[in-house]
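Topology and contacts: notes
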Amino acid sequence: KGVRLRPLTENTPKPMLPLGGKPIIEHNIDRLISYGIETITISVCYLADQIINYFGDGSDKGITINYIKEDEPLGTIGCLSLIKEIKHQEILVLNSDVFTNIDFEDFYLAFENANADMAVASIPYSVDIPYAIMELNDNNITSFQEKPKKTYYANAGIYLIKNKSLNYIPKNSFFNATDLMNAIITCKGKIIHRPINGYWIDIGKHDDYNKAKEIIRLYKQQ
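Parameters at a glance
- Residues numbered from 1 in each chain as written.
- Predicted model: local features only at pLDDT ≥ 70, side-chain atom pairs only at ≥ 80, totals over all residues.
- Heavy atoms only, no water.
- Pairing = 2+ DSSP bridges.
- Helix = DSSP H or I, 4+ residues; strand = E, 2+ residues; numbered from the N terminus.
- Axes fitted to C-alpha atoms, helices over the stretch in contact; angles between N-to-C directions.
- Contact = heavy atoms within 4.5 Å.
- Buried < 20%, exposed > 50% of the residue type's maximum accessible area, 1.4 Å probe, protein only.
- Arc of directions from axis to C-beta.
- Phe/Tyr/Trp six-rings, centres within 6.5 Å; stacked < 30°, edge-to-face > 60°.

**Some thoughts on the sheet that holds strand 10 (residues 149-162)**
Sheet architecture is open: four strands sit in the order 5-10-7-11, paired in mixed fashion. Across the chains shown, the open sheet's two edge strands, defined by having one partner strand only, are strand 5 (90-94) and strand 11 (191-195). Here the strands of the sheet are splayed against their neighbours by 40 degrees on average, with no regard to which way each runs. In this sheet, strand 11 lies alongside strand 7 (residues 118-128) in parallel orientation, the contact comprising five bridges. Pairing of A119 across the sheet is with I192, part of strand 11. Helix 3 (residues 104-113) contacts strand 5, strand 7, strand 10 and strand 11 of the sheet and is inclined by roughly 85 degrees relative to strand 10.

**Side note on helix 4 (residues 177-186)**
The periodicity of an α-helix, 3.6 residues per turn, causes residues three or four positions apart to be oriented the same way. Buried residues of helix 4: A177, L180, M181, A183 and I184, and no others. Looking straight down helix 4, one finds its buried side chains confined to an arc of 160 degrees; they lie on one side. In this structure, the buried residues of helix 4 make contact with strand 7, strand 10 and strand 11. Where helix 4 terminates, the next one or two residues include K188, which has phi positive at roughly 65 degrees.

**Points about the packing of aromatic side chains**
Here a ring pair, both rings aromatic, is described through the centre-centre distance and the interplanar angle of the planes. Inspection of the entire model under this criterion finds three aromatic pairs. Measuring from centroid to centroid gives 5.6 Å for Y35 and F104, while their planes differ by 85 degrees, and the two rings are edge-to-face. Placement of the pair is Y35 in the loop between helix 1 (24-34) and strand 3 (39-44) and F104 in helix 3, with a sequence separation of 69 residues. Among the residues examined, F104 registers a relative accessible area of 8% and is labelled buried. Seen in terms of ring centroids, F99 and Y199 are 5.1 Å apart; in terms of plane orientation they differ by 35 degrees. Their pairing is tilted. Of this pair, F99 sits in strand 6 (residues 98-100) while Y199 sits in the loop between strand 11 and strand 12 (200-202), and the two are 100 residues apart along the sequence. Considered together, F99 and Y199 belong to a single accessibility category, that of buried residues.

Below, the structure is given as structure tokens:
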């Protein structure tokens with residue numbers, strides 16, 4: 001429902017908020033089309049008719065768009081259990097409110113070359129520690145790191161999944177992508193991450209929305 005973006009989302013679903021002259025979700029759809037994607041399924045719930053009426057069956061864009069309706073929110077990936085038939089062996093899933101120029105070809109090739117069950121796009125997140133950090137062996141100090149920088153990798157909300165891994169998703173139940181990751185790991189499956197080298201914004205708050213608008217403005221000036 002985009003609660004953190006209210007009042008903008010009181011009458012507009014978050015993916016349909018305007019960004020550079022078109023909805024956030026349309027940026028994602030157009031980018032997928034540029035990589036040759038021909039069939040897209042959109043999971044809808046809150047103010048669903050606005051999304052369905054805007055995109056229709058996808059014929060205006062030369063693709064096929066299907067819809068599945070979540071009567072109750074099913075988490076970030078539980079909606080996949082509602083799709084009656086998935087013919088492809090690999091499924092690309094992304095949150096509709098991310099704004100990114102991810103290289104989908106690079107992401108796919110990394111997934112295929114690793115022969116992974118799932119790939120997760122990631123965002124590097126660095127933390128500067130303003131102190132000398134002790135390296136320890138039990139209670140003994142073995143060395144110091146002076147004001148180190150630690151880099152972690154955050155989930156970017158974009159996934160490639162082997163069709164067989166969809167069997168872990170319970171039917172019509174709340175299930176997050178992290179639940180699927182845990183299920184695959186528990187069963188000794190293989191999950192890789194691939195960092196996004198370009199820009200990425202999860203448009204969840206007003207500050208995020210304003211940052212995305214600024215990126216659009218800068219790109220238009222180039």
